[in-house]
Amino acid sequence: MFQKFPKYLNNIYLLGFSGVGKTTISKILSKKIKKKFYDIDNEIEKYINMKISKFIFKKGEKIFRILENKILKKIIIKKNIILSTGGGTLILNYNRNLLRNTGLNIYLELNFINNISRLNNNIINRPLIKNIFSNFSKLYILYKKRINIYKKIYHIKININYLNKNDILNYILFIFKIYFNL
Ligand SMILES: Nc1ncnc2c1ncn2[C@@H]1O[C@H](COP(=O)(O)OP(=O)(O)OP(=O)(O)O)[C@@H](O)[C@H]1O
Ligand SMILES: O=C(O)C1=C[C@@H](O)[C@@H](O)[C@H](O)C1
Ligand SMILES: [Mg+2]
């Protein structure tokens, strides 16, 4: 599913709930189309020199979101990059506008059950999810809230429920070929 997007934007942003595969896909895509790969969570951890989980535990989510916004601004002034966003980066309206106006936003859409089954080995450093992981209904509410946010700003949505990594990569490359001649 596609929304209109300006073709002159050469940054690409991957959006989606934690565990959906943003980092995995961004990495393999960056090698194929020769754009530099960034992962906002990695950049945050490099900047604070500690794990995000520790930072949130010490300072709380509000301060984390301010920091995340600061790092996002630093990253997106770069050109010709692929960025894997954090699961909660889009909570701030300000971040949504930044992403929407500076790059092509690709939303990886995965149903709740498939999504949480991929989270299992990933929650240690995802403290906000970890806290509610055993509470199915809270987790579902968070998932629903988040997917409504991703839907607000994507340019391209890919339903990845039945796609492996290579299928997703090829699908994105196919779209780029048609629309951008990349
Ligand atoms: N298409 C796919 N099919 C099956 N497994 C996948 C697919 N894409 C990624 N995975 C696996 O799902 C897990 C989560 O992937 P990844 O870390 O890339 O997600 P993420 O969206 O970056 O998560 P986070 O927001 O927490 O950083 C990994 O174990 C990865 O190997
Ligand atoms: O879902 C979230 O709110 C988060 C997801 C991760 O990518 C990290 O950015 C952090 O753990 C917060
Ligand atoms: Mg990731």
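Going by the structure above, here's the rest.
What counts, and where the lines are drawn
As a convention, each chain's residues are numbered from 1 in the sequence order in which they are written. Chains carry letters from A onward and ligands carry numbers from 1 onward, assigned in written order. Only residues with pLDDT of at least 70 are given local features in this predicted model, and only at 80 or more are side-chain atom pairs given and counted; all residues enter the totals for whole chains, interfaces and linings. Think of the side-chain values as coming from all heavy atoms in the structure, minus any hydrogens and water. A single heavy atom is enough: if one lies within 4 Å of a molecule or strand, its residue is considered near that molecule or strand. Under this definition, polar contacts are N or O atom pairs within 3.5 Å; protein pairs additionally need one hydrogen-donor-capable and one acceptor-capable atom, and for neighbouring residues in sequence, both atoms have to be side-chain atoms. In this description, accessible areas are obtained by the Shrake-Rupley approach with a 1.4 Å probe, and a residue is regarded as covered only by the protein chains that are shown. Space inside and on the surface of the protein is sampled on a 1 Å grid over the protein atoms alone, with a cavity defined as a set of points where a 1.4 Å probe fits but cannot get out and a pocket as an open set with protein on both sides within 12 Å along at least 5 of 7 lines; lining residues have an atom within 4 Å of a point. Molecule-in-pocket calls rest on the fraction of atoms, with more than half required to lie within 2 Å of the cavity or pocket grid points. Per the convention used, a helix needs a DSSP run of H or I reaching at least four residues, while a strand needs a run of E reaching at least two, with both numbered from the N terminus. Note on residue categories: nonpolar means Ala, Val, Leu, Ile, Met, Phe, Trp, Tyr, Cys or Pro, charged means Asp, Glu, Lys or Arg, and polar means any other residue, Gly included. Patches were defined on residues exceeding 30% relative accessible area and lacking a salt bridge, with like-charge contacts within 9 Å and nonpolar side-chain contacts (Val, Leu, Ile, Met, Phe, Trp, Tyr) within 5 Å. Salt bridges, as used here, are contacts in which a Lys or Arg side-chain nitrogen is within 4 Å of a carboxyl oxygen on Asp or Glu. Positive residues here are Lys and Arg, negative ones are Asp and Glu, while His and the chain termini are left out of the count. Where a charge lies is defined by one atom per residue type, namely NZ (Lys), CZ (Arg), CG (Asp) and CD (Glu). Should DSSP find at least two bridges between two strands, the strands are regarded as paired. Note on geometry: axes are C-alpha line fits, over the in-contact stretch for helices, and angles between N-to-C directions span 0 to 180 degrees. Throughout, a residue-residue contact means that at least one pair of heavy atoms, one from each residue, lies within 4.5 Å.

Asks: Looking at this structure, how should I read the site of ligand 1?
Replies: Near ligand 1 lie 15 residues; those nearest to it are Gly19, Lys22, Thr23, Thr24 and Arg126. A distance of 2.8 Å separates an oxygen atom of ligand 1 from a polar side-chain atom of Thr23. Take Lys165: an N or O atom from its side chain is 3.4 Å from an oxygen atom of ligand 1. When the free accessible area of ligand 1 is taken as 640 Å², the share hidden by the protein chains comes to 79%. Of the pockets mapped on this structure, ligand 1 occupies the largest pocket. Elements with a minimum of two residues in the shell around ligand 1: α1 (22-33) and α9 (165-180). With three residues, α1 is the largest single contributor of residues to the shell around ligand 1. Tallied by class, the residues present in the shell around ligand 1 amount to four nonpolar, seven polar and four charged.

Asks: Quick question: what am I supposed to make of a positive patch on the surface here?
Replies: Judged by side-chain charge, Lys36, Lys70, Lys74 and Lys78 come together as a positively charged surface patch. Note on placement: Lys36 falls in strand β2 (residues 36-39).

Asks: Sorry if this is basic, but what is going on with the sheet that holds β2 here?
Replies: Across a sheet, paired strands are connected by hydrogen bonds in the backbone, their directions being either parallel or antiparallel. The sheet built from five strands is open, its strands ordered β2-β3-β1-β4-β5 with parallel pairing. Each having just a single partner strand, β2 and β5 (156-159) make up the two edges of the open sheet. For this sheet, the mean angle separating the axes of adjacent strands, direction not counted, is 20 degrees. As judged from the five bridges shared by strand β1 (residues 11-15) and strand β4 (residues 103-109), these two strands associate in the parallel manner. Across the sheet, Asn11 pairs through a bridge with Gly103, a residue of β4. The sheet contacts of helix α4 (residues 61-76) involve β1, β2 and β3 (81-84), and relative to β3 the element is tilted by about 160 degrees. This element, α9, spans β1, β4 and β5 of the sheet and lies at about 145 degrees to β4.

By themselves, these figures tell us nothing about what the structure is for.
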